[in-house]
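An overview of the molecular structure
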Amino acid sequence: MILPFLSITLIIIMTTRYCDALSINRRHYLQRQTGYIATITTPTSIILTPSCAQASNTKSRTDGYKVQHSEREWAYILSGQQYNILRQGGTERQKSSILNTFTTDNVGTYVCAGCNTPLFDSKDKFSSGTGWPSFSSALDGVEEEDVDQLRATLDGREVRCSTCGGHLGDLFNDGWLYRGTSAAKTGKRFCIDGASLIFKPENGGEDIYGDLPPKNKPIQYQPSIYRDAA
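**Focus on the overall build of the protein chain**
A count of helical and extended segments in the protein chain gives 6 helices and 10 strands. Looking at the protein chain residue by residue over its 230 residues, the buried ones come to 50%. Excluding contacts between residues fewer than 6 apart, the proportion of contacts in the protein chain whose partners are at least 24 apart in sequence is 66%. Working note: accessible area of the protein chain is about 11,600 Å², and carbon and sulfur atoms make up 55% of it.

Written out as structure tokens, the structure reads:
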């Protein structure tokens, strides 16, 4: 019985240290790239790179949520990547999720990988070119961080599963940049970590887990922003 406990403890320590080492906030980096400046012509030309920074929202991920587990139980239930994102507020590697592009045209619902709460409808998914699954709208199961409008516009805000408190990603008010997409109509871009989601096809086919890499398809990662940091 000691070995499983040590394994879970090691997973928690390793994911925490990994994210602490990559402390640049994704929100700020995405903003530097989009810039909210007039030099941007098309969103697909924006080159973005990932961060594994902790979400800045200090609200408890346990208190007040319907589904609750101890951290040890979450570590049993979730994969390492799911745990890092949902419970620790981490960010997945850019373009690493199969849900980024490979299910764009499929009809169905994206649910929380931690508690199966419906979060996004496939009709609201669009290609943002950022390397993370993007949605123009969310279902009732998504909780938005409560911040003032100015901060929400300039800095973005965290979004969580309203049932279990799991971190999903960030919400930006820059949907107008993505001309010809549903985001241009809502003005919103939900930038979501694919590993926090499971796609359930409407036709009842096999579920697609966002933390599993696409089969027989190489992943083209963008160069790390940390390599040049010194």
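**A closer look at the sheet that holds strand β1 (residues 108-112)**
On the basis of which strands lie adjacent, the open sheet formed by 4 strands has the order β2-β1-β9-β10 and antiparallel pairing. Both outer strands of the open sheet, β2 (118-121) and β10 (208-209), are each paired with one neighbouring strand and no more. As paired strands, β1 and β2 are joined by 3 bridges and run antiparallel to one another. Paired with valine 111 across the bridge in β2 is proline 118.

**Focus: the pattern of salt bridges**
Throughout the structure, instances matching the rule amount to 8 salt bridges. Put simply, arginine 61 and glutamate 158 hold a salt bridge, and the shortest N to O gap is 2.9 Å. Of this pair, arginine 61 sits in the loop between α2 (26-34) and α3 (71-77) while glutamate 158 sits in strand β6 (residues 157-161), placing them 97 residues apart in sequence. Both residues of the pair, arginine 61 and glutamate 158, belong to the buried class. The partner of aspartate 174 in a salt bridge is arginine 189, and the shortest N-O contact between them spans 2.8 Å. Residue aspartate 174 is located in the loop between β7 (167-172) and α6 (183-186), and its partner arginine 189 is located in strand β8 (residues 189-192); the two are separated by 15 residues in the primary sequence. Members of the salt-bridge network, linked through shared partners, are Arg61, Glu158 and Arg160.

**Observations regarding the packing of aromatic side chains**
Throughout the structure, instances matching the rule amount to 5 aromatic pairs. Pairing phenylalanine 120 with phenylalanine 190 gives two aromatic rings, centres 5.8 Å apart and planes at 65 degrees, and the pair type is edge-to-face. In this pair, phenylalanine 120 is assigned in strand β2 and phenylalanine 190 in strand β8, connecting sequence segments 70 residues apart. Taken as a pair, phenylalanine 120 and phenylalanine 190 share a single burial class, namely buried. Taken together, the ring pairs in this structure connect Tyr110, Phe120, Phe135, Phe190 and Phe199 into an aromatic cluster.

**Describing the pairing of β6**
Burial of β6 is extensive: 5 of the 5 residues sit out of reach of the surface. Burial along β6 is two-sided: the residues Arg157, Val159 and Cys161 and Glu158 and Arg160 are all buried. Alignment of strand β5 (residues 142-144) against β6, held across 3 bridges, turns out to be antiparallel. Along β6, the bridge assignment pairs glutamate 143 with arginine 160. In the sheet, β6 pairs with β7 via 4 bridges, with the strands oriented antiparallel. In the sheet register, arginine 160 faces β7, and the bridge partner there is histidine 167.

**Some points on the sheet that holds strand β4 (residues 134-135)**
Sheet strands pair by backbone hydrogen bonding; their relative direction is either parallel or antiparallel. One open sheet holds the 6 strands; their spatial order is β3-β4-β8-β7-β6-β5, and the pairing between them is antiparallel. Two strands close off the open sheet at either side, each with one partner strand: β3 (125-126) and β5.

**Regarding the side chain of histidine 167**
Note on placement: histidine 167 falls in strand β7. Classification of histidine 167 as buried rests on a relative accessible area of 2%. Reaching out from histidine 167, the side chain makes a polar contact with the side chain of glutamate 158 at a distance of 2.7 Å.

**So, the nonpolar core**
Counting residues in each nonpolar core, the largest one holds 27 residues, and the members touching the most others are Leu119, Phe120, Phe190, Ile192 and Leu197. Put simply, the parts of the chain that give this core at least two residues each are α3, α4 (80-86), β1, β2, β6, β7, β8 and β9 (197-201). Those residues in contact with isoleucine 192 that lie beyond four places of it in its chain are Glu92, Phe120, Trp132, Pro133, Phe135, Val159, Leu168, Gly169 and Leu197.

**Notes on the environment of arginine 157**
Locating arginine 157 in the fold gives a position in strand β6. Sequence separation between arginine 157 and valine 147 is 10 residues, and the spatial gap between their C-alpha atoms is 7.4 Å.

Basis of the calculations
Residues numbered from 1 in each chain as written. Predicted model: local features only at pLDDT ≥ 70, side-chain atom pairs only at ≥ 80, totals over all residues. Heavy atoms only, no water. Helix = DSSP H or I, 4+ residues; strand = E, 2+ residues; numbered from the N terminus. Buried < 20%, exposed > 50% of the residue type's maximum accessible area, 1.4 Å probe, protein only. Contact = heavy atoms within 4.5 Å. Areas by Shrake-Rupley, 256 points an atom, 1.4 Å probe, with all protein chains shown as cover. Pairing = 2+ DSSP bridges. Salt bridge = Lys/Arg side-chain N within 4 Å of Asp/Glu carboxyl O. Phe/Tyr/Trp six-rings, centres within 6.5 Å; stacked < 30°, edge-to-face > 60°. Polar contact = N/O pair within 3.5 Å; in protein donor to acceptor, adjacent residues only side chain to side chain. Core = buried A, V, L, I, M, F, W, Y, C linked by side-chain atoms within 4.5 Å.

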